[in-house]
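Remarks on the overall topology
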Amino acid sequence: MSTDGDVLLTMRDVVIDGFSDERWHEIIKGVDVTLHRGEVLGFIGESGAGKSTLGLAAMGFARPGCRITSGEIVFDGIDLVAASERARQKLRGARIAYVAQSAAAAFNPAHTLLEQTVESSVRHGILSTSEAAEYARELYAAMDLPDPQNIGDRYPHQVSGGQLQRAMTAMAMCSKPDLIIFDEPTTALDVTTQVNVLAAMRKAILDYGTAAIYITHDLAVVAQMADRIKVLRYGEEVEEAPTDVMLSAPKHPYTKSLWAVRSIEKPGEGGAEKVLELKTVTAAYGTVPVLEDVSIAVPRGKTVALVGESGSGKSTAARVITGLLPPQAGEVLFEDEALPPALKNRTRDHLRRIQMIYQSADTAMNPRHTVREIIGRPVQFYLGKRGRAVDERVSELLGLIELDDSFMDRLPGELSGGQKQRICIARALAAEPDLIICDEVTSALDQIVQEGILKLLMKLQRQLGVSYIFITHDIATVRAIADEVVVMYQGRVVEQGLKEDIFSPPHPDYTGLLLASVPKMETGWLEKTIEALGERRHEAAEA
Amino acid sequence: MTDIPETYSATAEVAEVRTRRTWRARAWIELRKAPVSAWFGLTVIVAYIFVAVFAPLLAPHGEAQVFPQPYAPWSPMHPLGTDQIGRDVLSRLIYGARNTIGIALATTFLAFIIGGGLALVAAIARGWTDQILSRLIDVLMAIPSLIFALMLLSIFGSTVTSLIIIIAVLDSTRVFRLTRAVAMNVVVMEFVEAARLRGEGTWWIMRREILPNIMPPLVAEFGLRFCFVFLTIAALSFLGLGIQPPTADWGSMVRENASLIQFAQYDLKAGITPLLPAAAIALLTIGVNFVVDWFLMKTSGLRDEH
C-alpha cells in the first residue's frame with residue numbers, strides 16, 4: 001500500500017491520563033502516530049497497553065475518567081486538541097468513524113439496521129435520506145451480507161453476530177469517512193465467522209480507499225489487515241514497522257516474545273489406559289437438544305482438546321462429565337466404572353478426582369476469600385488436613401504454580417489475570433485429581449501470559465500425570481498442548497483422533513473449514529483463504 | 001522505550017507485595033475520611049448505646065418510681081418534670097432508650113435471621129422451594145403490616161416476646177425480598193458452581209460463598225430496617241398495643257403525656273415535655289440513616305464524578 005500518499009492524521013507526543021485509585025496516572029506516555037490516506041495501521045499489544053485509548057484519541061476523544069493532557073492530534077489540518085467539542089463532533093461519524101468490539105451492544109435494538117446505518121450521514125447532512133439508504137444497500141452488498149436490498153429492514157436481533165459486525169462496518173462507511181477506527185471488531189466472533197468479516201472489511205477499505213486504524217491483540221489478524229504495525233506496551237511505543245518486516249524480523253525483545261508464543265510444540269501421543277469415557281451421551285437443556293450421541297475417550301496422563309465454535313456443545317460436554325447436567329441417554333465411565341449421572345449422587349471421592357478450571361478466573365474465585373482459603377479449602381475438604389498441615393500444603397502448591405508464600409493473604413482483586421488463573425489451577429491441583437477440565441482457560445489472557453499458563457499446565461502434567469480435557473476454540477492452543485483432538489459441530493463429534501492425524505489432510509468438511517479459517521501469521525493469507533474456501537463458507541458459516 | 005525483561009515470571013507480574021491491614025486499621029482509615037454527617041450519626045448512636053447500657057447509673061430516679069405530684073413542672077428534683085401519675089420523665093426517657101432500642105435491635109436481628117436465612121435457601125435451591133417461599137412472602141406482604149400486627153397482638157397478647165416475634169416476622173418479608181434479589185446475582189457466579197462441584201453443602205455455600213458477597217446491601221438494609229422497626233414499635237405503643245406499662249418506652253410516653261401540650265400557653269416547658277420522647281426517636285432515626293448513607297456510598301462504589 002501507499003506510504004508516500006499525503007498525511008491524514010498525525011499524533012505527536014500524545015499523553016493521556018486516566019483516573020484511578022483517586023489520582024491521575026499516565027496511560028499513554030507520549031506516543032507518535034502518522035497515518036497516510038488509504039493506509040491501514042495496526043495497533044497491537046496486551047490488554048492495558050493503551051491501544052483503545054490511543055485509538056479513541058485519534059478522534060480527539062477521551063473516555064470518561066481520562067483526559068488528553070498534552071500532545072498534538074492533527075486530523076487533515078484540523079487540530080483536534082485545540083478544536084471545540086462542537087467542531088470535533090462535526091468530524092466524528094462524518095469524517096472519522098468508529099467500529100466497536102461488540103456490535104450487539106452498539107446497535108439500538110429498537111431501530112432497524114438501515115435506520116441506524118444512515119443516521120450519521122443524514123444528520124451530518126452528507127447525504128439525503130434516500131441517497132443514504134441507496135448507498136447503505138450498496139455497502140451491504142460490498143460487505144457480503146445476504147439479501148442486501150432487504151436486510152436493512154431487519155432489527156439487530158434478527159441477524160447473526162457476524163452479520164451485525166459487518167452491518168456496523170457498513171454504518172461506519174456510510175458517511176464516506178476518511179478514517180475508520182476498528183477496535184477489536186472480530187474478537188467476539190467464531191473463527192469461521194471471523195474470516196468472512198475480515199475479508200469483507202478488508203475489501204471495503206481497499207475499494208473505497210479509506211484509511212483505518214485496526215486495534216487488536218491477535219497478531220495473525222493484524223497481519224491480514226494492516227500495512228504497518230505499531231506494537232504498544234504500558235502506554236509506550238515498542239516498535240513500528242511495515243507488516244512484512246515486522247513479521248519476519250521483529251527487532252525488540254518484547255515483540256519477539258509476542259511472536260514466540262505460537263512456537264510451543266509437542267508431539268501428540270495416545271494412551272492405552274482410559275481415565276474417562278463418554279459413551280453415546282445425549283443431553284438437552286429442557287427440550288433443546290445440545291449433545292447428540294457423543295462419545296469421547298480420555299487417556300490417562302494425556303490431553304484431549306475439545307474444539308468447535310460457540311454453540312457446538314463443548315461446554316455442555318463438560319457439564320455432563322461434572323454431573324451438573326445429567327444426560328438423557330448414554331453414560332460417563334470413570335476408570336471403567338459408570339459415574340452416577342447427577343452431582344448429588346456422586347461420592348466425595350468422585351468429585352475430588354475430576355476438577356474444573358474456568359475461563360474467567362475473576363468469577364471462578366470468591367472475591368472475599370484470600371488465596372489461603374481458596375486453595376486451602378479443597379485440602380481440608382477432600383484430604384481432611386487441619387491447621388498447619390493445610391498451610392504447608394498451600395505453600396507447596398503455590399510453589400508448584402511458580403508463585404510464593406507472599407500471595408497467601410491476598411484477595412483475588414489484588415492479583416493479575418495470569419496469577420488468578422494460576423491460583424485456580426492450584427485449587428484444582430489441591431484436590432489431587434486424576435482429570436482436570438480446562439474450559440477456555442487461556443482465552444481471557446494476553447499472549448505472553450497464555451504461554452506461561454500453557455507451559456505450566458504441560459509441566460504439571462509431566463510431574464503429576466494428570467489428564468486434561470481442554471475446551472477451546474483457539475486452534476493455536478490446541479496445536480501447542482493437545483495429544484488428541486475432538487472436533488465438535490452442532491452437538492455432534494465430527495472427528496476424533498491424534499492431533500497429527502486431525503491436523504493433516506484429508507479432512508471432513510467441517511474440520512477443513514475450521515482449520516482453514518484460523519488466521520496464519522503471514523501477509524496475503526486472507527486473500528488465499530477466501531479464494532480457497534469459495535462457496536463452502538456461504539453454506540457452512542451462515543447456517 | 002524502556003528495558004523489558006525477556007523472561008516472564010508470574011511472581012513479578014504484580015510487583016507490589018502488600019500485607020493485609022488488620023480490619024481495625026482499615027476501619028480507622030475509613031473513619032478519618034468519613035463526612036461530618038456520618039460522624040454525627042455515629043456520635044448519636046454511640047451516645048444512645050451508652051445511655052441504654054448505663055441507664056440505672058444515669059437515671060436520677062427509678063423507672064416506675066411514683067412521686068406525689070403528677071404533671072410536676074421542671075425543677076432541680078425532676079429536671080424534666082413528672083408524668084400523669086407522677087413518674088420522673090427524665091428517668092423514663094433514659095430507661096426508654098434501653099427498652100425501645102433493645103427490643104428494636106432484637107426484632108431486627110430476628111427479622112434478618114428469618115428473612116435472610118429463607119432467602120438464601122430459596123436462592124440456592126431455586127425451583128419449587130423458591131416458588132413456595134416467595135409466594136408465601138408475597139401473601140404476607142399483601143396485608144397492611146400495621147393492621148396485621150395489631151390483629152396478631154390482640155390475639156396473642158402484648159408481651160415483649162410476642163411483640164418481637166410478630167414484628168420480626170412481618171418485617172422479614174422485606175429482608176427476604178432484598179436478600180433473595182442480591183443473592184440471586186451471586187448464586188449464578190462460577191465460584192458458587194465450583195463450590196457445588198466440590199460437594200459443599202447448602203450451609204457452607206450460604207455462609208461462606210454467598211453471605212460475604214452480599215454483606216454491604218444487607219448491612220445498609222439492617223440500618224433502615226432498624227429505623228422502621230423502631231417506628232413500628234413506637235406507633236404500636238402509641239396505639240396502646242406495644243410495650244405495656246410500667247415499662248418505659250418512648251412511644252407510650254408520647255401518648256401518656258400528650259395532654260400536657262395544652263399547657264404550653266402557661267408554661268412552654270410543659271408543652272415541650274411530651275415532644276421529648278418523639279425527638280429522641282427522630283434523632284436516632286436520622287443518626288442511623290446518616291451512617292447507612294455513608295456506608296452505602298463507601299461500598300456501592302457510587303461516587304460523584306470527578
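Residues numbered from 1 in each chain as written. Chains lettered and ligands numbered in written order. Predicted model: local features only at pLDDT ≥ 70, side-chain atom pairs only at ≥ 80, totals over all residues. Heavy atoms only, no water.

Okay, the sheet that holds strand β6 (residues 96-99) of chain A next. Residue and element names in this part refer to chain A. Strand order in the open sheet formed by 6 strands is β6-β7-β8-β3-β9-β10, and the pairing between neighbours is mixed. If you trace the sheet from one side to the other, it starts and ends with β6 and β10 (236-242), each paired once. In this sheet, neighbouring strand axes are inclined to one another by 15° on average, regardless of whether the strands run parallel or antiparallel. Bridge count for β6 against strand β7 (residues 179-183) is 4 bridges, and the pairing is parallel. If you follow Y98 over to β7, its bridge partner there is I181. (Pairing = 2+ DSSP bridges. Helix = DSSP H or I, 4+ residues; strand = E, 2+ residues; numbered from the N terminus. Axes fitted to C-alpha atoms, helices over the stretch in contact; angles between N-to-C directions.)

Our focus in this paragraph is the packing of aromatic side chains. Inspection of the entire model under this criterion finds 11 aromatic pairs over all chains. Ring centres of F50 of chain B and F54 of chain B lie 5.0 Å apart, and the angle between their planes is 50°; this geometry places the pair in the tilted category. A ring pair is formed by F226 of chain B and F230 of chain B, whose centres lie 5.8 Å apart and whose planes are at 40°; its orientation type is tilted. Here F226 of chain B pairs with F230 of chain B, and both are found in helix α9 (residues 202-238), just 4 residues apart, close to one helical turn. Taken together through their ring pairs, the aromatic side chains of Y48, F226, F230 and W250 of chain B make up a single cluster. A cation sits over an aromatic face here: R377 of chain A above W204 of chain B, 3.4 Å from the ring centre. (Phe/Tyr/Trp six-rings, centres within 6.5 Å; stacked < 30°, edge-to-face > 60°. Lys NZ or Arg CZ within 6 Å of the ring centre and 35° of its normal.)

Detail in the predicted coordinates should be disregarded across regions flagged by low pLDDT. All names here are of chain B. For chain B, per-residue confidence averages 83 on the pLDDT scale, and residues scoring 70 or more make up 91% of the total. Segment residues 1-6: pLDDT under 50, and 10 contacts once partners within four positions in sequence are set aside and those in other chains are kept. For this predicted complex, the interface score ipTM comes out at 0.73, while the overall pTM is 0.77. (pLDDT = per-residue confidence, 0-100. Contact = heavy atoms within 4.5 Å.)

Membership of the largest hydrophobic core comes to 90 residues, with the highest contact counts inside it found for L276, I375, L398, I423, I425 and I469 of chain A. A97, I151, V195 and A226 of chain A belong to the second largest nonpolar core, which has 61 residues in total. (Core = buried A, V, L, I, M, F, W, Y, C linked by side-chain atoms within 4.5 Å. Buried < 20%, exposed > 50% of the residue type's maximum accessible area, 1.4 Å probe, protein only.)

All names here are of chain A. Counted according to the given criterion, the structure contains 42 salt bridges over all chains. Between R353 and D349 there is a salt bridge, with the nearest N and O atoms lying 3.8 Å from each other. With a gap of 4 residues between them, R353 and D349 both fall in helix α12 (residues 348-353), about one helical turn apart. Judged by relative accessible area, R353 falls into the buried class, the value being 18%. Of the residues examined, D349 reaches a relative accessible area of 37% and is grouped as partly exposed. Linked by salt bridges that have partners in common, E273, R300, E335, D349, R352, R353 and D434 make up one network. (Salt bridge = Lys/Arg side-chain N within 4 Å of Asp/Glu carboxyl O.)

A word on the side chain of R92 of chain B. Residues and elements named next belong to chain B. When you line up the elements, R92 lands in helix α4 (residues 89-125). What makes R92 buried here is its relative accessible area of 2%. Here R92 is in contact with E63, A64, D83, R87, P246, T247, A248, W250, M253 and E256, once residues within four sequence places are set aside.

A word on the pairing of strand β19 (residues 484-489) of chain A. Regular strands place their side chains on alternate faces of the sheet. All names here are of chain A. Within β19, 5 of the 6 residues are buried, which leaves the element mostly enclosed by the surrounding structure. As defined by bridge partners, strand β13 (residues 303-307) adjoins β19 across 4 bridges and the pair is classed as parallel. The residue bridging V304 from the neighbouring strand is E484, located in β19. The antiparallel pairing of β19 with strand β20 (residues 492-498) creates a hairpin that spans 2 residues between the two strands, and Q490 there sits at a positive phi of about 50°.

All names here are of chain A. Counting through the fold element by element, L460 comes out in helix α17 (residues 447-464). A C-alpha to C-alpha distance of 9.9 Å links L460 and I425, two positions 35 residues apart in sequence. Among residues more than four places away in sequence, those in contact with L460 are L400, I425, L429, G465, V466 and Y468.

Bringing helix α4 (residues 113-123) of chain A into the picture now. It helps to recall that an α-helix has 3.6 residues per turn; residues three or four apart then point in one direction. Residue and element names in this part refer to chain A. Inspection of α4 places L113, L114, Q116, T117, V118 and S121 among the buried residues, and these make up the whole buried set. Contacts from the buried residues of α4 go to α5 (129-142) and α6 (161-173). At the C-terminal side of α4, G125 shows a positive phi close to 70°.

What follows concerns the side chain of T82 of chain B. All names here are of chain B. Locating T82 in the fold gives a position in the loop between α3 (55-58) and α4. Here T82 falls in the buried class, since its relative accessible area comes to 2%. Look past the residues within four positions of T82 in its chain and what remains in contact with it is Q69, P70, Y71, A72, R87, D88 and V89.

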